[in-house]
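Structural overview for review
Here is what each chain is made of, one letter per residue.
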4 protein chains.
Amino acid sequence: MSCMVSANAQIQNDDIFKMPEMDRSNIRKLIRFPDFGGYHTMKCDLHSHTVFSDGDVWPSARVIEAWQHGLDAIAITDHLEHGHLVRKTLAGDFNTSCDIALQKGKEINFIVIKGTEISRAKPFGHMNALFITDANPLSTPEPLDAIEIALRQGAFIMWNHPGYPDNKSTVYPVQEELIKGKKIHGIEVFNEVDVYPVCMDWCKNMHVAFMGNSDIHELAADFYGKDAIRPMTLVFASERTEKGIREALFAGRTAAYFNGNLAGRPEHLSLLLKASIEAKTVDDGKGIVEVTNHSDISYRISFDSGQVDLPAGKTVRTTLPKQGKALVMNCLTGMREYLSIDLPL
Amino acid sequence: MSCMVSANAQIQNDDIFKMPEMDRSNIRKLIRFPDFGGYHTMKCDLHSHTVFSDGDVWPSARVIEAWQHGLDAIAITDHLEHGHLVRKTLAGDFNTSCDIALQKGKEINFIVIKGTEISRAKPFGHMNALFITDANPLSTPEPLDAIEIALRQGAFIMWNHPGYPDNKSTVYPVQEELIKGKKIHGIEVFNEVDVYPVCMDWCKNMHVAFMGNSDIHELAADFYGKDAIRPMTLVFASERTEKGIREALFAGRTAAYFNGNLAGRPEHLSLLLKASIEAKTVDDGKGIVEVTNHSDISYRISFDSGQVDLPAGKTVRTTLPKQGKALVMNCLTGMREYLSIDLPL
Amino acid sequence: MSCMVSANAQIQNDDIFKMPEMDRSNIRKLIRFPDFGGYHTMKCDLHSHTVFSDGDVWPSARVIEAWQHGLDAIAITDHLEHGHLVRKTLAGDFNTSCDIALQKGKEINFIVIKGTEISRAKPFGHMNALFITDANPLSTPEPLDAIEIALRQGAFIMWNHPGYPDNKSTVYPVQEELIKGKKIHGIEVFNEVDVYPVCMDWCKNMHVAFMGNSDIHELAADFYGKDAIRPMTLVFASERTEKGIREALFAGRTAAYFNGNLAGRPEHLSLLLKASIEAKTVDDGKGIVEVTNHSDISYRISFDSGQVDLPAGKTVRTTLPKQGKALVMNCLTGMREYLSIDLPL
Amino acid sequence: MSCMVSANAQIQNDDIFKMPEMDRSNIRKLIRFPDFGGYHTMKCDLHSHTVFSDGDVWPSARVIEAWQHGLDAIAITDHLEHGHLVRKTLAGDFNTSCDIALQKGKEINFIVIKGTEISRAKPFGHMNALFITDANPLSTPEPLDAIEIALRQGAFIMWNHPGYPDNKSTVYPVQEELIKGKKIHGIEVFNEVDVYPVCMDWCKNMHVAFMGNSDIHELAADFYGKDAIRPMTLVFASERTEKGIREALFAGRTAAYFNGNLAGRPEHLSLLLKASIEAKTVDDGKGIVEVTNHSDISYRISFDSGQVDLPAGKTVRTTLPKQGKALVMNCLTGMREYLSIDLPL
């Protein structure tokens, strides 16, 4: 802001000249993802690491960072290792990172979800237990024991990055069994900078929640770049609380977001799209419309005779068919399956 | 937008590879200035020039440019010269520029206001006649005759840039007389890159509309720079039509905007501010609040013990006094007079 | 710039408060395309229109715009029509637009090239005559007569957008004949927002200059968007003068630039690349290097085992093969043919 | 980069679709501060904290962050506490943070300077010991003992933020004594978001190095905002090595940089300015020049008849006096004392 008259109440003399406006740590980005249908669209990153496993930042800093970047909730999900922390230069136990983060969350009124990551080589792979109450008993030799303990704590179990580290996304018997037993409640289709197309079909067919998360170890602003938005899970919650997020997750009211792409159920994506845009007829005879996209999600609409981009935060003047079907190319409802909508918008 | 799967319906072969997304001429910037109190906040530039006087662009291009830049209405106000156009290489009469612009406005459904600028050396100076029906009879030897003819056409008369070109803002007898006769309805307090502080007092005391306009001759995006918003008159209109603008202008429901600063009546500015921001208590005991500014106007709030910036499109976590008065340093209600508001926000 | 101590020599009082820093019309963008091999890399747009044919801006404004946008030269190439200007509201003859532009160029020390566009339906299509001395005699019924007159004036003849308007890029007998007679000296491979891949092969095989131009009719900053660089012809000239440009054009020392892509001869593109980047070994054993790209052109290097982006104005730490061949995917030397380079960089 | 033809060698199939270009952690910002007079202008932040005292990031992350942000060297300067680390959840000793950082520096070929901060209440205040070999013995009850031990290790002693925390910049007897004994070698004039004008006079009069540093505890990209450059010490070094930095620091060849402002000795600042800009005459008669500022530092030139801004990375066309003195308003050589230069530029 460049004020015409600078009436500055700060201390500015020869001893010290303060420029508090240079400190941006109390400023939060506004991400415009619209609410719809009575639900709050909550921007959640449900997979993150701190110095208490192999991450780069102190737990309280993960919370501040998430708040600054415009998220509504973060889960701290440090790795469990058998009986000791990853780093020898750290003390504490497996609850320490979440305890520190929860304290900061309380201080700044930001939702922090207590979690942990249960990691093994494949076939088990990695799974996050979210909304746990005590991480220490989950450090078991047998990962399925950890899952059971977590479930008894009321945990939501997420299957993390199924295509990591071998670039194959495979449902092994262990996951088949867990899914059958309703012990996996969500699957990551976006993780860090990777996408798992086939997992979108799994979410659709197995009726579990579409999940997208950063799995951030580094400093998020430096990892994703200055204008980027990290992968996140959009949670369509009845109330803006941890309880609201939990209920929506188990109900499967989510969409995964990354790099301008959404993956989720058609009933959610179509309402999110409708809540994002506003169409106005300019010339009915010629089919010319003005479409304003009030959201921070750009959409690409494809139809028989062409394609139209609806950039985030812009109005577009364009020609659209007056009726018929269109596909939204950045809204995926399954593997190579796009959200289908009816025209007019 | 970077789509994961690029299903491009455009022609892309060895003969021709079309990249229509590079053509931004059908894309319009979204400027978020909120509506309030049943009024539409319309962004108007009521002073502009084309090649038909001493401007650089064709009239239809002024209209497209204004649409792209996010305005809701533009007035074309080319200079009148006695009996001939400024440029020998042009034909047409004093209505030609507006006729071309109005035709384009009709085509793209954008409000174009027919106007002209009556220019003389001081003491008369420059005045715009807006909402005229025929510019030709206004090309009179005596400028006051032109004013009378314009008034008979129902014109709104704006006194342009009172401090130009001698850097003195002076009310001469000619303006005093016109104001007394209610023949001046608005005064520019912002013009191009200049501000006229004393004129804010005039608007306040003489009960005429606060006006801010670009007076653009050049290409606006190049003149003001890529992220800049030109000076404009915010018109608080009952309906989004030319008629709505006209009614609001005569009623004095306007504010002038430039470079992050607003000048207007306190009853309008305070409602605009309230409609822009949303405050949430974080810690009532410590007086910590989160203030989200949903608008594209940054505000600076000053109070006894300090000062807080509310940047456009951001949330700020800050400490504010729980009650008392504050000044909004970028909202001017007169010369060196700031909007006073009550805390809490 | 936010100065700690604001010692402002501008007039700032209650009558008028000047903010000249808001006027960006005297500020020019710096485009960093490096010189090499004793040549100056000159950024030229050799195809543009003004209000004197079907363009939107006054000729002098085209010159200012080109200067502001960081170009080194512009050609004004308005259409010729038989005996009259396109617009009835204009006077003047076919030299008027260039005369006005040349006058402005002289004033601000910017190279303006006098040209015109000879336009017919296909098979002739559109051709620009550049460096002409008098446009009026080129308004002939027969376009080949106009070409001959232009050639007698010493013109460089450019074949414009061969794929326009039928989306077919075809060499008809008329062009075959002209090329055989060395009467076409360059072909546009980029025009406005279109690319003509097959024309890259023509330039290569027929030994004519690769050309890329905006053909701008609108306001360039609004048409291409705020950060975009318009299509241009990079001319590798011995001296920074009109004469230098002319000599280089006839010698075929050019490359066409658009949207991050270059098309030209391998000997030029490889030297431009080398002049853009600087590589430093970080870990010789692991093949880790740091590559700094000092230019405003991003490069994408592809090799057997992977691919590396070298973003404009950034340093990248990456692993590259220690030797072998690589392709530069944004440097085209023909249709579907990429610049081949030797590693290490 | 938007490539016309996307030949992507990455793995992209239904199991996994990798988008490595979204990971920016191997990309480094290029800050263009020119070299001059045979010296390398090295961008150094000589005051930073990690989780091993009260900072928010792991030591190796501080190094990656500094590399990404375009610095050439960083000093890790965690606080010493008597016999224990600040945080109970950490193990290690006072060398641990630097050891981890140095290891990462070696890995990525980035200069890390071993340091520590000796902190007491005023009058002693805070001092950094840079280039130390062992931090553990510096954890003494008496801070002057720590200084002596550091000096025996060859340390450069910097007096940190003299105006903190009481907003008074005072030279107490303890500092007077140290300066007299040549045991303080530099003084921070910029720290975090504060400026100490009077300390510029101290640096000038006491012949010690001007220092500017971030004292960063948080995540720098989030603290200073996405386009900001943190405060830094520009070191004019004979070679791009730790040894080169050390030699230049003791020789006082530095300038402090923050928020577009430089503070240093006139002989350095004037050469830096000259190396940044290039002036070209446009119209000698009218005194019109074009000044290109190739650097990332904007300059503001003030003279009797006016003032000119030279924005970073832009060319400006302006009128300058043909001869005489000018002041550079963002180059401070002492308290309220500006760099004086001779015109023409």
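Residues numbered from 1 in each chain as written. Chains lettered and ligands numbered in written order. Predicted model: local features only at pLDDT ≥ 70, side-chain atom pairs only at ≥ 80, totals over all residues. Heavy atoms only, no water.

Per the secondary structure count, chain A includes eight helices and 20 strands. Taken over C-alpha atoms, the radius of gyration comes to 22 Å for chain A, in line with the 20 Å a tight globule of 345 residues would show. In terms of principal-axis extent, the alpha carbons of chain A reach across some 70 × 70 × 35 Å. Residue burial in chain A is summarised as follows: out of 345 residues, 63% are buried. Of the contacts made within chain A by residues no fewer than 6 positions apart, 62% connect residues no fewer than 24 positions apart. When the accessible surface of chain A is summed, it comes to about 12300 Å², and 50% of that surface belongs to carbon and sulfur atoms. (Helix = DSSP H or I, 4+ residues; strand = E, 2+ residues; numbered from the N terminus. Rg over C-alpha atoms; globule rule 2.2 N^0.38 Å. Buried < 20%, exposed > 50% of the residue type's maximum accessible area, 1.4 Å probe, protein only. Contact = heavy atoms within 4.5 Å. Areas by Shrake-Rupley, 256 points an atom, 1.4 Å probe, with all protein chains shown as cover.)

Attention now goes to the environment of R230 of chain D. Residue and element names in this part refer to chain D. In this structure, R230 sits in the loop between α6 (220-224) and β11 (232-237). A sequence separation of 203 residues divides R230 from I27, and the C-alpha atoms of the two residues are 18 Å apart. At 2.8 Å, the side chain of R230 and the side chain of D45 are in polar contact. A distance of 3.4 Å separates the side chain of R230 from the side chain of H69, its partner in a polar contact. (Polar contact = N/O pair within 3.5 Å; in protein donor to acceptor, adjacent residues only side chain to side chain.)

If you look at the interface, chain C gives 51 residues, while chain D gives 51 residues. Across the chain C-chain D interface, the total number found is zero salt bridges. Counting across the interface, chain C meets chain D through eight residue pairs in polar contact (both at pLDDT 80 or more). With four residues, strand β18 (residues 314-319) of chain C is the largest single contributor of residues to the side of chain C that touches chain D. Its residues placed into classes, the side of chain C that touches chain D shows 21 nonpolar, 19 polar and 11 charged. With three bridges joining them, β18 of chain C and strand β2 (residues 27-29) of chain D adopt antiparallel strand pairing. Each bridged residue has a counterpart across the sheet, and for K314 of chain C the counterpart in β2 of chain D is K29 of chain D. (Salt bridge = Lys/Arg side-chain N within 4 Å of Asp/Glu carboxyl O. Nonpolar A, V, L, I, M, F, W, Y, C, P; charged D, E, K, R; others polar. Pairing = 2+ DSSP bridges.)

Residues and elements named next belong to chain D. Take D215: it is sitting in the loop between β10 (209-213) and α6. The buried category is assigned to D215, whose relative accessible area is 8%. Sequence spacing of D215 and H49 is 166 residues, and the spatial spacing of their C-alpha atoms is 6.9 Å. Those residues in contact with D215, other than ones at most four positions away along the chain, are D45, H47, H49, E117, H161 and N191. At 3.4 Å, the side chain of D215 forms a polar contact with the side chain of N191.

Our focus in this paragraph is the interface of chain D and chain A. Listed by partner, the interface residues are 51 residues for chain D and 51 residues for chain A. Linking chain D to chain A there are four salt bridges. Here chain D and chain A share 18 residue pairs in polar contact (both at pLDDT 80 or more) between them. Those elements giving two or more residues to the side of chain D that touches chain A turn out to be β1 (17-18), α1 (59-68), β9 (194-195), α5 (197-206) and α6 of chain D. Taken together, the residues that form the side of chain D that touches chain A break down as 24 nonpolar, 12 polar and 15 charged. Pairing analysis gives two bridges linking strand β9 (residues 194-195) of chain A to β1 of chain D, with the strands arranged antiparallel. Residue pairing in the sheet places D194 of chain A in a bridge with K18 of chain D of β1 of chain D.

Once that is clear, we can look at the domain arrangement of chain A. Residues and elements named next belong to chain A. Partitioning chain A into domains gives domain 1 (32-264) and domain 2 (276-343). The C-alpha centroid of domain 2 is placed 32 Å from the C-alpha centroid of domain 1. Buried surface at the junction of domain 1 and domain 2, summed over both partners, amounts to about 1200 Å²; 57% is from carbon and sulfur atoms. Counting across the domain 1 and domain 2 interface gives one salt bridge. Across the pair K204 and E337 runs a salt bridge, and its minimum N-O distance is 2.8 Å. Summed over the shared surface of domain 1 and domain 2, the number is seven residue pairs in polar contact (both at pLDDT 80 or more). Mapped by element, the contributors of at least two residues to the side of domain 1 that touches domain 2 are α5 (197-206) and β13 (261-264). Looking at the side of domain 1 that touches domain 2, the element that brings in the most residues is α5, giving five residues. (Domains from an automatic or database assignment. Buried area = accessible area lost by both parts, 1.4 Å probe.)

So, on to the sheet that holds strand β15 (residues 288-293) of chain D. Spatially, the four strands line up as an open sheet ordered β2(C)-β18(D)-β15(D)-β14(D), and their pairing is antiparallel. Here the strands that pair on one side only, and so sit at the sheet edges, are β2 (27-29) of chain C together with β14 (277-283) of chain D. Mean inter-strand twist for the sheet, computed between neighbouring axes without regard to direction, equals 20°. Packed on one face of the sheet, helix α1 (residues 59-68) of chain C meets β2 of chain C together with β15 and β18 (314-319) of chain D and runs near 60° to β2 of chain C. Across the sheet, helix α8 (residues 266-276) of chain D is in contact with β14 and β15 of chain D; its angle to β14 of chain D comes to roughly 55°. (Axes fitted to C-alpha atoms, helices over the stretch in contact; angles between N-to-C directions.)

Both copies of the chain are related by one operation, a rotation about an axis with a shift along it. Overlaying chain D with chain A gives an RMSD of 0.0 Å, the required rotation being 180° about an axis along which the chain moves by 0.0 Å. Considering both components of the superposition, the chain copies are consistent with a two-fold axis. Most of the interface of chain D is mirrored in chain A, where 100% of its interface residues again form contacts. (Least-squares fit on C-alpha atoms with pLDDT ≥ 70 in both.)

This part covers the state of the cysteines. One pass over the full model with this rule turns up zero disulfides over all chains. Note on C98 of chain B: no disulfide assigned, nearest cysteine sulfur contributed by C44 of chain B at a separation of 15 Å. Classification of C98 of chain B as buried rests on a relative accessible area of 2%. Between C203 of chain C, a cysteine without a disulfide, and C199 of chain C, which holds the nearest cysteine sulfur, the sulfur-to-sulfur distance is 6.9 Å. Residue C203 of chain C is classed as buried on the basis of its relative accessible area, which comes to 1%. (Disulfide = S-S within 2.5 Å.)

It is worth spelling out the side chain of S276 of chain C at this point. All names here are of chain C. Mapped onto the fold, S276 is located in helix α8 (residues 266-276). Since its relative accessible area comes to 1%, S276 is described here as buried. Within polar-contact distance, the side chain of S276 engages the side chain of Y299 at 3.0 Å. When sequence neighbours within four positions are dropped, the list of residues in contact with S276 reads P34, T292, N293, H294, S295 and Y299.

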